[in-house]
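Spelled out, the chains give:
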Amino acid sequence: MVTLDDMILREDAFLRDAEKLHLTFDETVVYSQIEDADVRKRLREFVDYEGTFAEVLDEICSNVVGRTLFRLVATKAAMKRGGQRIGLYDGAQNSNLYSRKDFAVLINLRMFDDRGIGIDARQYYCIDEDGQIVPKRKTLVGTLFHEFCHALHDIEQISEITEAGELHNSNYILGCTWDNAEELRTISGCIFGVAYDPICDHCFDLCYSLGRGEPFRPRYSHRGFHDQTPPHEEAMERRKLAAHLSESRKIMDGWKKYVL
């Protein structure tokens, strides 16, 4: 866990890096036509969503990282998909995902309670205040942000989403922990061996935690906890993740450049 006392978000640095990394010269004009302050009220222009998602979209858009993600998705869709709106629907079966075929984020709302907290048996892992690897319950707001990141990367056709297996070939330990370069980038912001992408789960969670006065517990690994896993097997998995943590610490601190 990271103590956020007296921390202030460097919003100017965040926006500078996100725009520099994601926008081409031609795209900056379209992007600039979507004012940051207008993202939530204009969201239906960019996203085809059901009313049941209104409150969680409010939460995402209360966060500069979330608003910037939607501005980027809208810009890329305008430039590369003829202005097609991306969908957000309740209808997934056993998971929550971004569907390339449907150009939509598909969510199973039955996996979350009325507060948007995950109620299914599967959770994430994070690092607690003692440096231990512990389960971290899913949230609807975090899940939506994560899947819309995949959508952005798909529209951009970045190498992380098009070159399967590359992370295992580059760094086997990181490959075992994060599964692939796309998840590594989406969760931690690490563009392996190249740069840092501030449009990621860690930066979003950081801003969300700052806004709510809650502890920031950055997610560790793409793997997760399942309450049906036999205790000895789960303990073995956690020991393996602990053994790999020193390698991952090198790429998990990118968010720190955006706080004072």
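As shown above, the structure is provided for reference.
Residues numbered from 1 in each chain as written. Predicted model: local features only at pLDDT ≥ 70, side-chain atom pairs only at ≥ 80, totals over all residues. Heavy atoms only, no water.

Asker: Which residues make up the sheet that holds strand E5 (residues 122–127), and what are the values?
Answerer: Spatially, E6-E5-E9 is the arrangement adopted by the three strands of the open sheet, whose pairing is antiparallel. Both edges of this open sheet fall to strand E6 (133–136) and strand E9 (225–226), since each of them pairs with a single strand only. Bridging between E5 and E6 involves four bridges; their strand directions are antiparallel. Residue pairing across strands places Tyr 125 opposite Pro 135, the latter belonging to E6. (Pairing = 2+ DSSP bridges. Helix = DSSP H or I, 4+ residues; strand = E, 2+ residues; numbered from the N terminus.)

Asker: Any chance you could break down the nonpolar core for me, citing the residues and the numbers?
Answerer: Ranked by internal contacts, the top residues of the largest apolar core, which has 54 residues, are Leu 43, Val 47, Leu 57, Phe 70, Leu 88, Leu 144 and Ile 199. Where this core is concerned, the elements lending two or more residues are helix H1 (11–22), strand E1 (47–49), helix H3 (54–61), helix H4 (64–80), strand E2 (86–90), strand E4 (104–107), helix H5 (140–156) and helix H10 (201–212). Broken down by element, the residue count for this core peaks at nine residues, all from H5. Residues in contact with Phe 70, not counting those within four places in the same chain, are Val 39, Leu 43, Val 47, Leu 57, Ile 60, Cys 61 and Phe 148. Counting residues in each nonpolar core, the second largest holds 16 residues, with Ala 181, Leu 184, Cys 190 and Leu 241 among its members. (Core = buried A, V, L, I, M, F, W, Y, C linked by side-chain atoms within 4.5 Å. Buried < 20%, exposed > 50% of the residue type's maximum accessible area, 1.4 Å probe, protein only. Contact = heavy atoms within 4.5 Å.)

Asker: Break down the environment of Val 105 for me, citing the residues and quoting the values.
Answerer: As for its placement among the helices and strands, Val 105 is situated in strand E4. Sequence separation between Val 105 and Leu 152 is 47 residues, and the spatial gap between their C-alpha atoms is 11 Å. Not counting the four nearest positions on each side in its chain, Val 105 is found in contact with Gly 87, Leu 88, Tyr 89, Leu 97, Tyr 98, Glu 147 and Phe 148.

Asker: Quick one: what's the story with the packing of H3 against H5, residue by residue and with numbers?
Answerer: Two elements in contact, H3 and H5, have axes whose closest approach is 9 Å; the angle formed by their N-to-C orientations is 70°. By the angle class used here, H3 and H5 are roughly perpendicular. Along its contact with H3, which presents Val 56, Leu 57, Glu 59 and Ile 60, the element H5 presents Leu 140, Val 141, Leu 144 and Phe 145. Tallied by class, residues from the contact of H3 with H5 come to seven nonpolar, no polar and one charged. (Axes fitted to C-alpha atoms, helices over the stretch in contact; angles between N-to-C directions. Parallel < 35°, antiparallel > 145°, perpendicular 65-115°, else oblique. Nonpolar A, V, L, I, M, F, W, Y, C, P; charged D, E, K, R; others polar.)

Asker: Please give an account of the pairing of E5 that cites residues and values.
Answerer: Within a regular beta strand, the side chains point alternately toward one face of the sheet and then the other, so they alternate between its two faces. In terms of burial, E5 is largely enclosed, as five of its six residues are buried. Taken together, E5 and the strand that follows it, E6, pair antiparallel across an intervening segment of five residues, in which Gly 131 is found at a positive phi of about 80°.

Asker: An account of helix H11 (residues 231–249) is requested, with residue identities and associated values reported.
Answerer: With 19 residues, H11 should cover 27 Å at 1.5 Å per step; its first-to-last C-alpha distance of 26 Å lies within 8% of that length. Of all the bends found along H11, the most pronounced is centred on Ala 243 and spans about 40°. Taken together, the buried positions of H11 are Glu 234, Leu 241, His 244, Leu 245 and Ser 248. Tucked inside the fold, the buried residues of H11 contact E5, E6, helix H8 (172–178) and E9. (Expected span 1.5 Å × (residues − 1). Bend = angle between axes of the 7 residues up to and from the residue.)

Asker: How would you sum up the packing of aromatic side chains? Please name residues and give values.
Answerer: Under the definition given, this model contains seven aromatic pairs. With a centroid separation of 6.2 Å and 85° between ring planes, the pair formed by Phe 14 and Tyr 258 is classed as edge-to-face. Taken together, the positions of Phe 14 in helix H1 and Tyr 258 in the segment after H11 put the pair 244 residues apart, joining distant regions of the chain. Taken individually, Phe 14 and Tyr 258 each receive the classification buried, so the pair is uniform in this respect. Pairing Phe 216 with Trp 255 gives two aromatic rings, centres 5.1 Å apart and planes at 80°, and the pair type is edge-to-face. Of this pair, Phe 216 sits in the loop between H10 and E9 while Trp 255 sits in the segment after H11, and the two are 39 residues apart along the sequence. The two residues Phe 216 and Trp 255 agree in class, both being buried. Each residue in the set Phe 14, Tyr 196 and Tyr 258 is aromatic and connected to the rest through ring pairs, giving one cluster. (Phe/Tyr/Trp six-rings, centres within 6.5 Å; stacked < 30°, edge-to-face > 60°.)

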